[in-house]
Amino acid sequence: MSPRPPLPPFTLETARAKVQAAEDAWNTRDPERVALAYTPDSVWRNRDRFLRGRDEIVAFLRGKWARELDYALRKELWTYHDDRIAVHFQYECHDESGQWWRSYGNELWEFDADGLMARREASINDVPIAESERTIFGPRER
């Protein structure tokens, strides 16, 4: 496998870059592209779901983005150390009925030496919002 820079151990600059790369990838809503950032045997906890490996990650993300329409995400670095990064995030999406949601969460990430994420722990809470309350519109402009 090819290295996925930035590589651990992380600095403030490289941790921020890793978080932004993750945000950018997730905002593509491309499960196959997103899964390439994880080790082939990556272990996830996402809410009440436990996943192992890229095939399960891809299947999970396909289902997620089939339900979470017009998904748009923002991630922010919380802290980092050696091969670990903690982030907090918000995303907005709507369901088939047109109900908009804002989801808040925290993630703990652990990376291998090649910069691939070997472990992801995500805790997420959802809040229904009116469309007029939206604050996130597509990928971040730079």
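Up top you'll find the structure we're talking about.
The rules we used
Residues numbered from 1 in each chain as written. Predicted model: local features only at pLDDT ≥ 70, side-chain atom pairs only at ≥ 80, totals over all residues. Heavy atoms only, no water. Pairing = 2+ DSSP bridges. Helix = DSSP H or I, 4+ residues; strand = E, 2+ residues; numbered from the N terminus. Axes fitted to C-alpha atoms, helices over the stretch in contact; angles between N-to-C directions. Contact = heavy atoms within 4.5 Å. Phe/Tyr/Trp six-rings, centres within 6.5 Å; stacked < 30°, edge-to-face > 60°. Buried < 20%, exposed > 50% of the residue type's maximum accessible area, 1.4 Å probe, protein only. Lys NZ or Arg CZ within 6 Å of the ring centre and 35° of its normal. Core = buried A, V, L, I, M, F, W, Y, C linked by side-chain atoms within 4.5 Å. Salt bridge = Lys/Arg side-chain N within 4 Å of Asp/Glu carboxyl O.

## A few points about the sheet that holds strand S1 (residues 38-46)
An order of S2-S1-S6-S5-S4-S3 is seen for the six strands of this open sheet, with the pairing classed as mixed. Each of the sheet's edge strands pairs with one partner strand only, and the pair in question is strand S2 (49-52) and strand S3 (69-81). Sheet twist, expressed as the mean angle between neighbouring strand axes with direction ignored, is 20°. Bridge count for strand S5 (residues 100-111) against strand S6 (residues 117-129) is 12 bridges, and the pairing is antiparallel. Across the sheet, the residue bridging to tryptophan 109 is arginine 120, located in S6. Its contacts with the sheet put helix H1 (residues 12-26) on S1, S3, strand S4 (84-94), S5 and S6, and the angle it makes with S3 is roughly 165°. On top of the sheet, helix H3 (residues 54-67) reaches S1, S2, S3 and S4; it is set at about 50° to S1, its chief contact.

## With respect to the packing of aromatic side chains
Taken as a whole and assessed by the stated rule, the structure comprises nine aromatic pairs. Arranged with centres 5.2 Å apart and planes meeting at 75°, the rings of phenylalanine 10 and phenylalanine 111 form a pair that is edge-to-face. Taken as a pair, phenylalanine 10 in the segment before H1 and phenylalanine 111 in strand S5 lie far apart in primary sequence, 101 residues in all. Taken as a pair, phenylalanine 10 and phenylalanine 111 share a single burial class, namely buried. Aromatic pair tryptophan 109 and phenylalanine 111: ring centres 6.0 Å apart, planes at 85°, arrangement edge-to-face. Taken as a pair, tryptophan 109 and phenylalanine 111 share a single burial class, namely buried. An aromatic cluster of at least three residues, connected via ring pairs, comprises Trp26, Tyr38, Trp44, Phe60, Trp65, Tyr71, Phe89 and Tyr91. Sitting over the ring of phenylalanine 89, lysine 75 keeps its end group 5.1 Å from the ring centre. Just above the ring of tryptophan 44 sits the side chain of arginine 120; from NZ or CZ to the centre is 4.2 Å.

## Concerning the nonpolar core
Trp26, Trp44, Leu61, Ile85 and Trp109 are the most contacted members of the largest nonpolar core, which totals 29 residues. Of all the elements in the fold, those that place two or more residues in this core are H1, helix H2 (31-35), S1, H3, S3, S4, S5 and S6. Apart from residues no more than four positions distant in its own chain, tryptophan 26 is found in contact with Val34, Tyr38, Trp44, Leu61, Lys64, Trp65, Tyr71, Leu73 and Arg120.

## Some words on the pattern of salt bridges
In a structure, side chains of opposite charge can pair up when their charged atoms sit close to one another. Counting across every chain of the model gives 14 salt bridges. With a closest N to O distance of 3.9 Å, aspartate 83 and arginine 84 form a salt bridge. For glutamate 92, the salt bridge goes to arginine 102, with nearest N and O atoms at 2.8 Å. One end of the pair, glutamate 92, is in strand S4; the other, arginine 102, is in strand S5, and 10 residues separate them in sequence. Look at glutamate 92 and you get buried, because its relative accessible area is 0%. For arginine 102, a relative accessible area of 11% translates into the label buried. Through salt bridges with shared partners, one network takes in Arg45, Asp83, Arg84, Glu110, Arg119 and Glu121.

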